[in-house]
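# Descriptive analysis of the structure
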Amino acid sequence: MGDYDATRRFAEEATVEPDAIGRARAHALEIGAAPISAVVGAQCAVIAAASRALNIVEIGTGGGVSGLWLLHGSPRATLTTIDKEPEHLAVARSAFTAARVPMARARFISGRASDVLPRMNEASYDIVLVDADPEGVIEYVEHGLRLVRAGGTVLVPRVLAGGAVADPVRRGPLESAYRSLIQETQGSPAVLGALSIVGEGLLQLSTVATDA
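Residues numbered from 1 in each chain as written. Predicted model: local features only at pLDDT ≥ 70, side-chain atom pairs only at ≥ 80, totals over all residues. Heavy atoms only, no water.

Here the focus is the packing of aromatic side chains. Overall, the coordinates contain one aromatic pair when judged by the stated rule. Aromatic side chains Phe-96 and Phe-108 sit 5.6 Å apart centroid to centroid with 65 degrees between the ring planes, which places their arrangement in the edge-to-face category. One end of the pair, Phe-96, is in helix H5 (residues 86-98); the other, Phe-108, is in strand E3 (residues 106-110), and 12 residues separate them in sequence. (Phe/Tyr/Trp six-rings, centres within 6.5 Å; stacked < 30°, edge-to-face > 60°. Helix = DSSP H or I, 4+ residues; strand = E, 2+ residues; numbered from the N terminus.)

This is the structure in structure tokens:
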């Protein structure tokens, strides 16, 4: 095992996942919801805490895992979660109930993100997490950057696609979409971007706040 692999494994094993999120993960995996990893979830929680997020949107419920991590970091936030799979939403709702998340702090929307996002108010959210339909990730991120307030953050897990994005030989639709997203956002003067390579990867994009 190389130094990088050892460091990555250490980071993953050192992350402690709250019991309620661990139970949500188990249920999510049972239905094939593919939740974000604990190490990426912990990063999301820290960002939510640091930004004192009060309004959060997530695209793709992950069976409730990602939402619980975000609310773990910002307990006073209200989360809107969007998913086209009713079963995933149902499992997420049960996970939130089991974690004693007040009903007023979670809103569940069933539908395709491409249909729901255009109807949401711009500059109204602190964080938008994009974890659905990799082929549409660029479109969703564009919507996310529109929805977050000045200085808000868009989070995109899985952008490394298991290492495939870093391999120039891999030119499938998924790899190409994530590679284009990373390249375009890193070179944009409108956003600040950082790429974490721990876990499945996490692209962090913050809109540049301008002086009034």
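Having seen the model, we can carry on.
With that settled, the discussion passes to the pattern of salt bridges. Per the counting criterion, the structure on display carries seven salt bridges. Its salt-bridge partner being Glu-175, residue Arg-170 comes within 3.4 Å of it at the nearest N-O pair. Given a relative accessible area of 41%, Arg-170 falls into the partly exposed group. A residue is classified by how much of its surface remains accessible, and Glu-175, at 10% relative accessible area, is buried. (Salt bridge = Lys/Arg side-chain N within 4 Å of Asp/Glu carboxyl O. Buried < 20%, exposed > 50% of the residue type's maximum accessible area, 1.4 Å probe, protein only.)

The next thing to look at is the sheet that holds strand E1 (residues 55-59). Taken in spatial order, the seven strands line up as E3-E2-E1-E4-E5-E7-E6 in an open sheet, and their pairing is mixed. With one partner strand each, in any of the chains shown, E3 and strand E6 (191-196) form the two edges of the open sheet. Taking the axes of each pair of neighbouring strands and ignoring which way they run, one obtains an average angle of 15 degrees across the sheet. Sheet analysis places E1 next to strand E4 (residues 125-130), joined by four bridges and oriented parallel. In the strand pairing of E4, Ile-56 is matched with Ile-127. Set on the sheet, helix H4 (residues 65-73) makes contact with E1, strand E2 (78-83), E4 and strand E5 (148-157); between it and E1 the angle comes to about 160 degrees. (Pairing = 2+ DSSP bridges. Axes fitted to C-alpha atoms, helices over the stretch in contact; angles between N-to-C directions. Contact = heavy atoms within 4.5 Å.)

A residue-level look at the chain finds 97% of positions with pLDDT of 70 or above and a mean pLDDT of 92. Summarising per-element confidence for the chain, the mean pLDDT is lowest in helix H1 (residues 3-14) (82) and highest in E4 (98). (pLDDT = per-residue confidence, 0-100.)

Ranked by internal contacts, the top residues of the largest apolar core, which has 32 residues, are Cys-44, Leu-70, Phe-96, Ile-127 and Leu-155. Within the residue set of this core, elements represented by two or more residues are helix H2 (19-30), helix H3 (38-50), H4, H5, E3 and E4. It is H3 that contributes the most residues to this core, seven residues altogether. Non-local contacts of Ile-127, meaning those with residues more than four positions away in its chain, are made with Ile-47, Ala-48, Ser-51, Ala-53, Asn-55, Ile-56, Val-57, Leu-70, Val-148, Thr-153 and Leu-155. Of all hydrophobic cores here, the second largest spans 27 residues; its members include Ile-82, Ala-113, Val-130 and Val-165. (Core = buried A, V, L, I, M, F, W, Y, C linked by side-chain atoms within 4.5 Å.)

Across a regular strand the side chains alternate sides, sitting on one face of the sheet and then on the other. The buried count for E4 comes to six of six residues, which makes it a mostly enclosed element. Regarding the hand of the β-α-β motif, the stretch spanning E4, helix H7 (residues 137-147) and E5 is right-handed. (Right-handed = clockwise from strand over helix to strand, strands pointing away.)

Let's shift gears to a nonpolar patch on the surface. The grouping of Tyr-4, Leu-195 and Ile-197 at the surface amounts to a nonpolar patch, some 260 Å² of accessible area in total. You can see Ile-197 is positioned in the loop between E6 and strand E7 (202-207). (Patch = residues over 30% accessible without salt bridge, like charges linked within 9 Å, V, L, I, M, F, W, Y side chains within 5 Å. Areas by Shrake-Rupley, 256 points an atom, 1.4 Å probe, with all protein chains shown as cover.)

Residues apart from glycine generally show negative phi values, whereas peptide bonds are mostly found in trans. Positive phi, normally seen in glycine, also occurs at Arg-100, with a value near 65 degrees. Tracing the backbone through its elements, the reader meets Arg-100 in the loop between H5 and E3. Given a relative accessible area of 76%, Arg-100 falls into the exposed group. Of note, Asp-133 is a non-glycine position whose phi angle comes to about 45 degrees, a positive value. Note on placement: Asp-133 falls in the loop between E4 and H7. Asp-133 sits in the partly exposed class, given a relative accessible area of 27%.

Bringing the packing of H7 against helix H8 (residues 173-186) into the picture now. To describe two helices that pack against each other, one gives the angle between their axes and the distance between the axes. Viewed as axis vectors pointing N to C, H7 and H8 meet at an angle of 35 degrees, and their least axial separation amounts to 9 Å. On H8, the residues that touch Val-137, Ile-138 and Val-141 of H7 are Ala-177, Tyr-178, Ser-180 and Leu-181. Here the contact of H7 with H8 is built from residues that sort into six nonpolar, one polar and no charged. (Nonpolar A, V, L, I, M, F, W, Y, C, P; charged D, E, K, R; others polar.)

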